[in-house]
Amino acid sequence: MSSASNHEIHVDNSLSGLILKHTEVPVQKCYQCGKCSAGCPVVSEMDYPPSLILRMLQTGLPEMEEKVLRSYSIWLCLSCEQCISRCPMEIDIPKMMDYLRQVSYKKKMVNPRAKNIVRFHKAFLDSIRTTGRLSEFGLTVDYKLRSLKMMQDLTLVPSMISRGKLGFIPEMIKGTKEMAKIFAKTTGLKSEEEK
Ligand code: SF4
Ligand code: SF4
């Protein structure tokens, strides 16, 4: 199995088959050496280590796939790529995690502990969708409103402003309409112009 190309692995309707189809990450090539989990900086916070996520997916059992999609681990992954550098099979775990997050979100299976991470993702994307750039101040306020954590970190604000780390007025790019169209195309949501 280890010498087989990705195309030689059977693609079926299991979650690992969909991962292969959409990301070309060959879940079935993992042989459980555990090096990825040993080097992962957030493994102690995860409910399942990365190598176990791969093993659960390899089984193809619906109950295991559901556990993966409801796991906290997929939302904790930092995309640091430490695991890829250690993996003898060069399995792109962060790319797989990214796909699993999308499926988990679409199927409304997001782990309750990951709600704030999802809010941050939304605030991040909204900031880029509306201004074409990342507005630190807008992102922070948006995240605080969504998470209802308005007072947390408030003492940090004055020093961040004085060090130029927090700008009040977001910079706009010229092609904001094009940016909205790209978002509409990739997320399936209509831009203001098209409504
Ligand atoms: S990319 Fe994700 S799974 Fe891999 S080592 Fe980093 S945090 Fe862990
Ligand atoms: S390092 Fe690679 S082969 Fe080893 S367990 Fe992790 S993903 Fe599987």
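Residues numbered from 1 in each chain as written. Chains lettered and ligands numbered in written order. Predicted model: local features only at pLDDT ≥ 70, side-chain atom pairs only at ≥ 80, totals over all residues.

Looking at the site of ligand 1
Cut-off, in case you're wondering: Using the backbone to place each C-beta atom, any residue with that atom within 6 Å of a molecule or strand is considered near it. Numbering of helices and strands runs from the N terminus, with a helix taken as a DSSP run of H or I at least four residues long and a strand as a DSSP run of E at least two residues long.
Taken together, 15 residues lie around ligand 1, and C40, C77, C80, Q82 and C83 are the ones closest in. Those elements giving two or more residues to the shell around ligand 1 turn out to be α6 (82-86) and α7 (93-106). Element by element, the count of residues in the shell around ligand 1 is highest for α7, at 3 residues.

Side note on the site of ligand 2
Not every one of the 14 residues close to ligand 2 is listed here, only the nearest: C30, C33, C36, S51 and C87. Those elements that provide at least two residues to the shell around ligand 2 are α2 (35-39) and α3 (50-59).

What about the packing of helix α1 (residues 15-23) against α7?
Formally: Angles shown run from 0 to 180 degrees and are taken between the N-to-C directions of axes, each axis being a line fitted to C-alpha atoms and, for helices, limited to the stretch in contact. Should an angle fall under 35 degrees it is called roughly parallel, over 145 degrees roughly antiparallel, and 65 to 115 degrees roughly perpendicular, with every other angle called oblique. Contact criterion: two residues are in contact if their C-beta atoms, reconstructed from the backbone, are within 7 Å. Each residue is assigned to one of three groups, with Ala, Val, Leu, Ile, Met, Phe, Trp, Tyr, Cys and Pro labelled nonpolar, Asp, Glu, Lys and Arg labelled charged, and all others, Gly among them, labelled polar.
At a minimum axis separation of 10 Å, α1 and α7 run at an interaxial angle of 110°. With respect to α7, the axis of α1 lies roughly perpendicular. Here I19, H22 and T23 of α1 come into contact with α7, specifically with K95, M96 and Y99. Residues belonging to the contact of α1 with α7 are distributed by class as follows: 3 nonpolar, 2 polar and 1 charged.

Points about the environment of L100
Filter applied, for reference: Exposure classes come from backbone-placed C-beta atoms, where a residue is buried if 20 or more other C-beta atoms lie within 10 Å of its own, exposed if 12 or fewer do, and partly exposed in between.
Relative to the assigned elements, L100 resides in helix α7. C-beta crowding within 10 Å serves as the criterion here: with 25 such atoms nearby, L100 is assigned to the buried category. Sequence separation between L100 and S71 is 29 residues; the distance between their C-alpha atoms is 9.9 Å. Excluding residues within four positions of it along the chain, L100 makes contact with V68, L69 and I74.

Some points on the confidence of the model for the protein
Put simply, the rule reads: Note: pLDDT gives the predictor's confidence per residue, expressed from 0 to 100.
Summary statistics for the protein give a mean pLDDT of 78 and a share of 59% for residues scoring 70 or more. Mean pLDDT in the protein bottoms out at helix α10 (residues 157-162), which sits at 56, and peaks at α3, which reaches 98. Across residues 188-195, where pLDDT falls below 50, the model places 12 contacts with residues more than four positions away in sequence or in other chains.

Description of the packing of α3 against helix α4 (residues 62-69)
Two quantities define a packed helix pair, namely the angle between the axes and the distance from one axis to the other. Our working rule: Left-handed is the label given to a crossing in which the near helix is rotated counterclockwise from the far helix by less than a right angle, and right-handed is the label when the rotation is clockwise.
Viewed as axis vectors pointing N to C, α3 and α4 meet at an angle of 145°, and their least axial separation amounts to 7 Å. Crossing angle aside, the handedness with which α3 passes α4 is left-handed. Seen from α3, the contacting residues are I53, M56, L57 and T59; seen from α4, they are M64, E65, K67 and V68.

Looking at the nonpolar core
Here is a general trend for soluble globular proteins: nonpolar side chains tend to be buried in one another's company. Where we set the bar: Think of a nonpolar core as buried Ala, Val, Leu, Ile, Met, Phe, Trp, Tyr and Cys residues chained together by C-beta atoms that fall within 7 Å.
Ranked by internal contacts, the top residues of the largest apolar core, which has 25 residues, are V27, L57, V68 and M96. For V27, the contacting residues outside a window of four places in its chain are S16, I19, L20, L54, L57, Q58 and M96.

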